[in-house]
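# Commentary on secondary and tertiary structure
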Amino acid sequence: MTKGTPVNVLIKGAGGRMGSQLISLVIKDKHFRLAGAVEVPGHPFVGKDAGETVGLEKSGIQVSATLPSELETKTICIDFTVPESTLASLPWAEKNKIPLVIGTTGLTKAQLKMLNQASENIPVVYSPNMSIGINMMFKVLHDVALKLGWDYDMEIVELHHHLKKDAPSGTAIRMAEILAKAIDEKIENVAVYHREGIIGERRKKEIGIQSVRAGDIVGEHTVYFAGIGERLEITHKATSRDNFAKGALMAAAWVADRDPGLYDMEAVLGL
């Protein structure tokens, strides 16, 4: 993008919690321009002005039930929806050479493979959590696990609102992957998602991942490194979705002129 030129952004999932937050921030920020807003057919927002759906003045952009067949200028699509919807957009993005910023969680290995294949033709930023703070935490976790290794028990506890559909959170899974990689293990060999009954002593090589769903908790993740006589706790608490939305917009501005490839927020932040 030319310096000073607003970044054109299309929001997919315009009626969701993240979609609404993104629309509000884009309209208020002179560095971005709302180029489109999309929701599923039948959603009450379809046909309404995107600005009015978030309590702002008219933006001139109506929420559509379909992705546009043509876009006048280069546009970045930000997608916080569900896996099936995200994957359905890939052919459209590839055909129109639309860079993607994807925060959808719950993707399977097969779906991630499809995303990786699409990134051979278009630039894609994919991250289960676009908070700047959480991505700094990712780096810290790797360094701590690298030093402590299996001498300390590693456990992850994540808390989210009761409307969240997937568990564990994509962020918690990413944390477990980082811990496992730091100690030269694969997550599928060491992750433990459930404990109940007489299960015996905790195995030395385990990474526990536990989920809590309650109320309106935006998101909280704590990683425990528990040794004999001491415990290190590293926690990130999100109190607003603004931090996720701001990270997604940062990614949109960053990915605008990138070559095809699959990127993460660590690349965006230069970590």
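In what follows, the structure referred to is the one given above.
The text that follows walks through the structure, step by step, so that each part is easy to find. (Residues numbered from 1 in each chain as written. Predicted model: local features only at pLDDT ≥ 70, side-chain atom pairs only at ≥ 80, totals over all residues. Heavy atoms only, no water.)

Counting through the fold element by element, Lys95 comes out in helix H4 (residues 90-96). Overall, Lys95 belongs to the exposed group, its relative accessible area being 72%. In sequence terms Lys95 and Met265 are 170 residues apart; their C-alpha atoms lie 25 Å from each other. (Helix = DSSP H or I, 4+ residues; strand = E, 2+ residues; numbered from the N terminus. Buried < 20%, exposed > 50% of the residue type's maximum accessible area, 1.4 Å probe, protein only.)

Helix length check: helix H9 (residues 242-255) (14 residues) gives 20 Å between terminal C-alpha atoms against 20 Å at 1.5 Å per residue, within 8%. If you check which residues of H9 are buried, you get Phe244, Ala245, Gly247, Ala248, Leu249, Ala251, Ala252, Trp254 and Val255. (Expected span 1.5 Å × (residues − 1).)

Here we come to the nonpolar core. In terms of nonpolar packing, the biggest core is built from 35 residues, with Leu22, Ile78 and Val101 touching the most fellow members. Mapped by element, the contributors of at least two residues to this core are strand E1 (7-12), helix H1 (17-28), strand E2 (32-38), strand E4 (75-79), H9 and helix H10 (265-269). In terms of residues, this core owes the most to one element, H9, which gives eight residues. Apart from residues no more than four positions distant in its own chain, Val101 is found in contact with Ile76, Cys77, Ile78, Asp79, Val125, Met130, Ala248, Ala251, Ala252 and Val255. (Core = buried A, V, L, I, M, F, W, Y, C linked by side-chain atoms within 4.5 Å. Contact = heavy atoms within 4.5 Å.)

The analysis is restricted to geometry; functional conclusions fall outside its scope.
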